[in-house]
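# Secondary and tertiary structure notes
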Amino acid sequence: IRRQRQMCIRDRLKLTPWIFLAPGIFMFCLYVIFPIFQSISLSFYDWDGLGEKTYIGVENYIELLDDEDFYTSLKNNLIWLILTFVAIPAGLFSALFLNQTVRGIRFYKSLFFFPFVISQVVVGMVFSWFYDPTNGLLNQMLEGMGFNPVAILADEDYATYGIIAASLWPQTAYCMILFLTGLNSVDPEQIEAGRIDNARGWRMLWYVILPQLKPATFIAVVVTVIGALRSFDLISVMTRGGPWGSTRVLAYFMYEKAFSEYGYRMGYAAAIAVILLAIMMVYIAIILYRMYRTEKGV
């Protein structure tokens, strides 16, 4: 009887976590996993969102291969991916600067933290005013230095980079928070051992501090990749994909095909969504594989 009780208690202990996780797993499957498979299925149909669905196989994907707007959006997404990684070292050095015990440091932390808590729409509006070619602060500074004003958001060569610069402001703040949290868990004994071994400056950072920040770095990289690939709100607020479609990314291109005035092509938009998901999964898989190899010391 005693053995049966122990087995019963053991079974309950195994079952209890799943009981608590069940609501979250159900909601995740309902609102994340199921829509993913629904989008994959929809990408094989021609559908305007209201009428009957017409099965067309892979024609949406074939059409994508001949769509110049798709390649423009894909190129811009790659630019976003490369340049938004600047937020990770910027967040790290901001965290190192703020991880001090000096007077007024909490006030400075709140100033650096502020961009993260405001809406992306507000960020887009602020930078739109900042880039304004007539009264914007940027062009006033350029004129003060003797340069001609530049219409950043109206120029095909600069608009995408101007939006990415705006996105780096809140993204750097988020990475800074992650690294500040990681710095609080750094082992002071390892820092002291590094000092005894004459590790200073960059050597201390590279060999002692950064290895202990791997969990924070991993989260920062994943969140930055996902944020770069799903960028939409800043583009919608600042340029609406213009000028002449030069700032489109896949997420905004998908929105245009699904809901714009000349859109209502739900199947085609779903095909774009599937391509975007595939790119995201490839990048995250590469990151996970590299982290796994690093942990195993391969």
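Description of the structure in this document. These numbers come from a predicted model, not from an experiment. In every chain, residue numbers begin from 1 and rise along the written sequence. Thresholds applied to this predicted model are a pLDDT of at least 70 for local features of residues and 80 or more for the giving and counting of side-chain atom pairs; totals over whole chains, interfaces and linings are not thresholded and use all residues. No hydrogens and no water enter the side-chain calculation; it runs on all heavy atoms of the structure.

For the rest of this paragraph, the subject is the overall build of the protein chain. When you go through the protein chain residue by residue, the secondary structure sums to 14 helices and 2 strands. If you take every contact in the protein chain between residues at least 6 apart in sequence, the share linking residues at least 24 apart comes to 67%. Computed with the Shrake-Rupley method and a 1.4 Å probe, the accessible areas treat only the protein chains shown as cover for residues. With an accessible surface of roughly 19,200 Å², the protein chain has 64% of that area assigned to carbon and sulfur atoms. Helix numbers and strand numbers start at the N terminus; a helix is a DSSP run of H or I with at least 4 residues, a strand a run of E with at least 2. Contacts between residues were defined by any pair of non-hydrogen atoms, one from each residue, lying within 4.5 Å.

A few words now on a nonpolar patch on the surface. Taken together, the side chains of F113, F114, F116, V117, V121, V122, M125, V126, W129, W169 and V237 present a nonpolar region at the surface, about 950 Å² in accessible area. Elements that contribute at least two residues to the nonpolar patch include exactly α5 (105–117) and α6 (120–131). Counting residues per element, the nonpolar patch draws most heavily on α6, at 5 residues. Looking at the element boundaries, W169 is found in helix α8 (residues 159–184). Residue classification places W169 among the partly exposed positions, given a relative accessible area of 34%. Excluding any residue in a salt bridge, patches collect residues exceeding 30% relative accessible area, merging like charges within 9 Å and nonpolar Val, Leu, Ile, Met, Phe, Trp and Tyr side chains within 5 Å. Criterion for a salt bridge: a side-chain nitrogen of Lys or Arg within 4 Å of a carboxyl oxygen of Asp or Glu. Relative accessibility thresholds used throughout: buried, under 20% of the residue-type maximum; exposed, over 50%; partly exposed, between the two (1.4 Å probe, protein chains only).

A few words now on the packing of aromatic side chains. Aromatic pairing here means that ring centres of Phe, Tyr or Trp (its six-membered ring) are within 6.5 Å. Orientation follows from the plane angle: under 30 degrees is stacked, over 60 is edge-to-face, and everything else is tilted. Per the counting criterion, the structure on display carries 15 aromatic pairs. Ring geometry for F44 against Y61: centres 5.9 Å apart, planes inclined by 50°, an arrangement best described as tilted. Within this pair, whereas F44 is found in the loop between α1 (2–42) and β1 (45–46), its partner Y61 is found in helix α2 (residues 59–65), the two being separated by 17 residues in sequence. Assessed through its relative accessible area of 26%, F44 is described here as partly exposed. A relative accessible area of 19% places Y61 in the buried class. Clustering of aromatic rings is evident, with ring pairs tying together F127, F130, Y131 and W169. Comment: the charge-over-ring label is applied if NZ (Lys) or CZ (Arg) is within 6 Å of the ring centre and within 35 degrees of the ring normal. Over the ring of Y45 we find K53; its NZ or CZ atom is 6.0 Å from the centre of that ring. A cation over a ring is seen here: R265 above Y268, with NZ or CZ 4.3 Å from the ring centre.

Let us now look at the environment of E143. Looking at where E143 falls in the secondary structure, it is placed in helix α7 (residues 137–144). Taking the C-alpha atoms as reference points, E143 and I33, separated by 110 residues in sequence, lie 52 Å from one another.

Looking now at the pattern of salt bridges. Tallying each qualifying case throughout the model produces 4 salt bridges. We note a salt bridge from R248 to D69, for which the minimum N-O separation is 3.3 Å. On the criterion of sequence distance, the pair formed by R248 in the loop between α12 (233–238) and α13 (250–259) and D69 in helix α3 (residues 68–83) is long-range, its members being 179 residues apart. Here E192 and R195 are joined by a salt bridge, their closest N and O atoms 3.9 Å apart. Taken together, the positions of E192 and R195, both in helix α9 (residues 188–196) and 3 residues apart, correspond to about one turn of that helix. Ionic contacts of the salt-bridge type, sharing partners, join the residues D69, R248 and E256 into one network.

Looking now at the packing of α5 against α8. At a minimum axis separation of 7 Å, α5 and α8 run at an interaxial angle of 120°. Between α5 and α8, the interaxial angle falls into the category oblique. Our pair here, α5 against α8, has a crossing hand that is left-handed. Where α5 approaches α8, its residues F112, F113, P115 and F116 are matched on the opposing element by W169, P170, A173, Y174, M176 and I177. Axis definition: a line fit to C-alpha positions, over the contact stretch in the case of helices; interaxial angles, taken between N-to-C directions, run 0 to 180 degrees. Working rule for angles: under 35 degrees goes down as roughly parallel, over 145 as roughly antiparallel, 65 to 115 as roughly perpendicular, anything else as oblique. Left-handed describes a crossing whose near helix is turned anticlockwise from the far helix through less than a right angle; right-handed describes the clockwise counterpart.

Before going further, it helps to spend a moment on the nonpolar core. We define a nonpolar core as any set of buried Ala, Val, Leu, Ile, Met, Phe, Trp, Tyr and Cys residues linked to one another through side-chain atoms lying within 4.5 Å. By size, the foremost hydrophobic cluster in this structure holds 62 residues, and its most contacted members are F179 and M238. When residues in this core are grouped by element, the largest group, 10 residues, is from α8. In this structure, F179 is in contact with I88, G91, L92, A95, L213, A216, T217 and A220, ignoring residues within four places of it in sequence. Among the nonpolar cores identified, the runner-up in size contains 5 residues, and L42, A258, M266 and A269 belong to it.

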